[in-house]
Amino acid sequence: MDGLAFLPIGDIKDGMAYLKNIVPEEAESLLNYFDETYVNGNYSQVKNENNKIVLRNCPPIFPPNLWNVNESTLNDEKRTNNSTEGWNLRFSKLVGQTHPTIWTIINKIKLEVASDETKLAQIELGVRCTQTEATNHGV
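Residues numbered from 1 in each chain as written. Predicted model: local features only at pLDDT ≥ 70, side-chain atom pairs only at ≥ 80, totals over all residues. Heavy atoms only, no water.

The name given to the protein chain in an unreviewed UniProt entry is MULE domain-containing protein, and the organism recorded there is Aphis craccivora.

Set out below in structure tokens:
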């Protein structure tokens with residue numbers, strides 16, 4: 001399944017069809033879940049204007065254009081969002097709670113901006129910071 005991420009987007013559905021032909025029985029439910037969530041979506045029953053039940057195709061929650069890295073790989077670009085995830089982790093630790101109020105978030109963002117401005121001022125003055133600090137602050 002992970003190889004699908006490296007196929008050209010136009011070939012992903014064919015890749016999934018191939019996997020469905022060769023998947024061991026014990027892995028079928030996993031492959032079906034992956035297909036519904038990331039590739040083809042699923043079907044749901046809905047009533048049409050004539051009050052008949054029909055099947056409607058629901059797109060995947062995370063379509064291939066969100067996770068496919070074929071072009072990134074060919075262009076020798078980054079294939080992950082690790083820098084963004086690092087910031088998210090740091091910010092969640094800064095906020096310190098799972099469901100903060102909007103006021104808590106605003107105050108924490110103000111603290112984050114002040115911290116960034118301080119680090120940028122230090123860089124302008126020639127104070128060295130670590131590569132991790134510079135990367136985390138977009139420098």
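There is more to say after this.
## A closer look at the nonpolar core
Judged by nonpolar contacts, L4, A5, I12, M16, L19, V23, L31, F34, V39, W67 and V69 together constitute the single largest core of 11 residues. Elements represented by at least two residues in this core include exactly α1 (12-22) and α2 (28-39). Setting aside chain neighbours within four positions, we find V23 in contact with E28 and L31. (Core = buried A, V, L, I, M, F, W, Y, C linked by side-chain atoms within 4.5 Å. Buried < 20%, exposed > 50% of the residue type's maximum accessible area, 1.4 Å probe, protein only. Helix = DSSP H or I, 4+ residues; strand = E, 2+ residues; numbered from the N terminus. Contact = heavy atoms within 4.5 Å.)

## So, the pairing of strand β2 (residues 53-58)
Two strands pair when backbone bridges link them, and strand β1 (residues 42-47) and β2 are joined in this way by six bridges, in the antiparallel orientation. Following the sheet pairing, K47 is matched in β2 by I53. Hairpin remark: β1 followed by β2, antiparallel, with five residues in the connecting loop; positive phi at N51, about 65 degrees. (Pairing = 2+ DSSP bridges.)

## Structural notes on the domain arrangement of the protein chain
How big an interface is tends to be expressed through the accessible area that disappears when the partners come together. In terms of domain boundaries, the protein chain breaks down into domain 1 (4-75) and domain 2 (80-125). Measuring from the centre of the C-alpha atoms in domain 1 to the corresponding centre in domain 2 gives 36 Å. (Domains from an automatic or database assignment.)

## Considering the side chain of N68
By secondary structure assignment, the location of N68 is in the loop between α3 (64-67) and α4 (70-74). Assessed through its relative accessible area of 15%, N68 is described here as buried. Within the local environment of N68, its side chain forms a polar contact with the backbone oxygen of A5, the two atoms lying 3.2 Å apart. Among the polar contacts made by the side chain of N68, one reaches the main-chain carbonyl oxygen of L7 at a distance of 2.7 Å. In this structure N68 touches L4, A5, L7, I9 and I12, once residues within four positions along its chain are discounted. (Polar contact = N/O pair within 3.5 Å; in protein donor to acceptor, adjacent residues only side chain to side chain.)

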